[in-house]
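# Chain and residue survey
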Amino acid sequence: MSGLTTTTSQTDMLRMMSQMMGNPNGPPGYDYRKPKFIKLLPVDSGEGLPDVIFEDPYTFQPQPDLRGEIRSWGVFPVTLDDMLGNISRMLCLMQQSRYYMSELKHTPEEQFIKVIIERKRQKLLNVDLGDLPKQDIIPIYLTNIHDAQGQPRIWRRVRASAGLKIGVFQDKILCPVMGWYGAKHALVHFTDYRDGSLYGPKDANSVDCVTYRSLVGCQWLPDDEYMLAHLFTSEGQTIGYLYDFGDKWSHEIVVEKILPVDESDGHVEIIAGGGMCPGENMQGTYHYQDFLNEYDQDNEVKKKEKKREILSSPNYKYFVKPPLLAEALASTNSIRSGMRNYVMPMSVEGLNPRMFGDPKLKKGQSIKQTFPDPHDSPGYFKETTSDKKDSRSVSACGFCGKPGSAQLVLKTCGGCRQLLYCSKEHQKEHWKSGHKKVCSREFSK
Ligand SMILES: [Zn+2]
Ligand SMILES: [Zn+2]
């Protein structure tokens, strides 16, 4: 337990229950603390708020947990395995949705984190990155799943430029090299364990996201505005990466090496790896770890059953094969314009437009619905897609993955006017390796 953990006794729980039942100020005579810098609605007693909310957000220094890591801006003390804490937060959230969201007011956590994010933005604005954006780094990408000997079961060692935008790295490199269907399917964010800052996609509004945000961390910095160099700064550093806020696949990315400028050319490469990507519906890291441990002990018949279960997961069934790195690098729009949501008919979606409504569409965007086999799934997928190409500021060479920069202006393919390249050579190489078959035909509308 970290020093930040709120104590949630049964009495607390009962008190919260009593508030839920229509007595918002708790039992008479109970003296609740009032935060100094956060505005509570008169009806909100402040019960169930994390302790840190009562501090000054302008001077707040987040404290590391026992692992030496800071998560979710250091504000949310609840960990994924703290059941009681999660329930307490859920109750607090229900209260907030009644008092704040219905009146479109910022919740106490949102008010607090807004200040911390602004402090971080200022810090990033003034940070000296040196040569790092021109340097290549070798991160090892690990799911937190280990075998009986404690060895990682699923991992990838890659190489990429630290000048890449975090969102591009996630969409065009991490997802495809692991084999995840992709960012449009699930929500992701990165955690800088040194200060708990989070980086993730803008305009995320899926049900999973709303639920998760309320539990652990409300807001994040936009991942298409910051480079890996802002986040991956030293060898040996560990960064958190959470894929899918519903099932929660928690990963770690360890910066193994930062190469000198003269050995860096910006190209993306998979150096090594092991283990098959978990299926999308294998229910997250903890469940899959147990599943694989059981698999190790199983007889041949049971082993076959388990294999079938993995292979019937969306990664493998609906999408046939996971996206490949080269394919992902050559896609025109990496940056998500909206999340891919799974929609259950008759679900809560639509009840609260602020929480679950469709995003405002920008130019070139449309809402696309995909219906999986109705025998497998009663719902459907809904996502915002865009036929606009990536802006140059977030793009990378469609062949090698080298990021564009002020010094290196990427050149556009003359045929489709969509793909960008770092050099004439790479445009030629890519043309020969298959782009001539899809150029214009696919992109010119
Ligand atoms: Zn290139
Ligand atoms: Zn083209």
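As recorded in an unreviewed UniProt entry, the protein chain goes by MYND-type domain-containing protein and comes from Dendrothele bispora.

## Section: the sheet that holds strand E4 (residues 197–200)
Taken in spatial order, the eight strands line up as E5-E4-E3-E6-E7-E1-E2-E8 in an open sheet, and their pairing is mixed. Every other strand in the sheet has two partners, leaving strand E5 (221–222) and strand E8 (269–274) as the edge strands with one partner each. Of the pairings in the sheet, the one linking strand E1 (residues 136–143) to strand E7 (residues 249–258) comprises seven bridges and is antiparallel in character. Bridge assignment links Ile137 to a residue of E7, and that residue is Ile258.

## Considerations on the nonpolar core
Counting 70 residues, the largest nonpolar core has Val75, Phe169, Phe190, Phe232, Tyr241 and Tyr288 as its most contacted members. For this core, the leading source of residues is helix H4 (residues 166–178), giving eight residues. Taken domain by domain, the makeup of this core includes at least three residues from each of domain 1 (10–126) and domain 2 (132–325). For Phe232, the contacting residues outside a window of four places in its chain are Leu132, Ile137, Pro139, Phe169, Gln237, Ile239, Ile253 and Val255. In this structure, Ala330, Leu410, Cys416 and Tyr421 belong to the second largest nonpolar core, which totals 12 residues.

## Section: the coordination of the zinc ion (ligand 1)
Note on metal geometry: ideal angles are 109.5 degrees for four donors arranged tetrahedrally and 90 or 180 degrees for six donors arranged octahedrally. Only Cys397 (SG), Cys400 (SG), Cys422 (SG) and His426 (ND1) from the protein reach the zinc ion (ligand 1) as donors, at distances of 2.0 to 2.3 Å. Angles of 94 to 126 degrees at the metal separate the four donor atoms of the zinc ion (ligand 1), which places the site in the tetrahedral class. Between the donor residues of the zinc ion (ligand 1), the gaps in sequence give the motif C-x2-C-x21-C-x3-H. Placement of the pair is Cys397 in the loop between strand E11 (380–386) and strand E12 (411–412) and Cys422 in the loop between strand E13 (420–421) and helix H11 (424–438), with a sequence separation of 25 residues. For the pair Cys397 and Cys422, one class covers both residues: buried.

## Notes on the environment of Val268
Relative to the elements of secondary structure, Val268 occurs in the loop between E7 and E8. When its relative accessible area of 10% is taken as the criterion, Val268 is described as buried. Once the C-alpha coordinates of Val268 and Ala160 are considered, the two residues, 108 residues apart in sequence, prove to be 4.6 Å apart. When sequence neighbours within four positions are dropped, the list of residues in contact with Val268 reads Arg159, Ala160, Ile173, Leu325, Cys400 and Gly401.

## With respect to a positive patch on the surface
On the surface, a cluster of positive charge is made up of Lys411, Lys424, Lys428 and Lys432. Positionally, Lys432 belongs in helix H11.

## A short note on the environment of Thr238
Tracing the sequence through the fold places Thr238 in strand E6 (residues 238–243). Among the residues examined, Thr238 registers a relative accessible area of 23% and is labelled partly exposed. In this structure, the C-alpha to C-alpha distance between Thr238 and Ile253, residues 15 residues apart in sequence, is 5.6 Å. Apart from the residues within four sequence positions on either side, Thr238 is in contact with Tyr193, Glu252, Ile253 and Val254.

## A short note on helix H7 (residues 284–297)
Helical geometry: 3.6 residues make up each α-helical turn, so side chains three or four residues apart lie on a common side. Taking 1.5 Å of rise per residue, 14 residues should cover 20 Å, and H7 covers 20 Å from first to last C-alpha, within 8% of that figure. Along H7, the positions that sit buried rather than exposed are Gly284, Thr285, Tyr288, Gln289, Phe291, Leu292 and Tyr295. Here the buried residues of H7 occupy an arc of 165 degrees about the axis, which is enough to place them on one side. Those residues of H7 that are exposed and aimed more than 90 degrees away from the buried face are Tyr286 and Gln297. Against E7 and helix H8 (300–311) lie the buried residues of H7.

## Focus: the packing of aromatic side chains
On inspection of all chains with the given rule, the structure shows seven aromatic pairs. Ring geometry for Tyr141 against Tyr241: centres 5.6 Å apart, planes inclined by 70 degrees, an arrangement best described as edge-to-face. Linking Tyr141 in strand E1 with Tyr241 in strand E6, this pair joins segments that are 100 residues apart in sequence. Each of the two residues, Tyr141 as well as Tyr241, counts as buried.

So, how was this worked out
Residues numbered from 1 in each chain as written. Chains lettered and ligands numbered in written order. Predicted model: local features only at pLDDT ≥ 70, side-chain atom pairs only at ≥ 80, totals over all residues. Heavy atoms only, no water. Pairing = 2+ DSSP bridges. Helix = DSSP H or I, 4+ residues; strand = E, 2+ residues; numbered from the N terminus. Core = buried A, V, L, I, M, F, W, Y, C linked by side-chain atoms within 4.5 Å. Buried < 20%, exposed > 50% of the residue type's maximum accessible area, 1.4 Å probe, protein only. Domains from an automatic or database assignment. Contact = heavy atoms within 4.5 Å. Donors = N, O, S within 2.8 Å, 3.2 Å for Na, K, Ca; no water. Tetrahedral: all angles 85-135°; square planar, octahedral: opposite > 155°, others 65-115°. Patch = residues over 30% accessible without salt bridge, like charges linked within 9 Å, V, L, I, M, F, W, Y side chains within 5 Å. Areas by Shrake-Rupley, 256 points an atom, 1.4 Å probe, with all protein chains shown as cover. Salt bridge = Lys/Arg side-chain N within 4 Å of Asp/Glu carboxyl O. Lys, Arg positive; Asp, Glu negative; His and termini not counted. Charge placed at Lys NZ, Arg CZ, Asp CG, Glu CD. Expected span 1.5 Å × (residues − 1). Arc of directions from axis to C-beta. Phe/Tyr/Trp six-rings, centres within 6.5 Å; stacked < 30°, edge-to-face > 60°.

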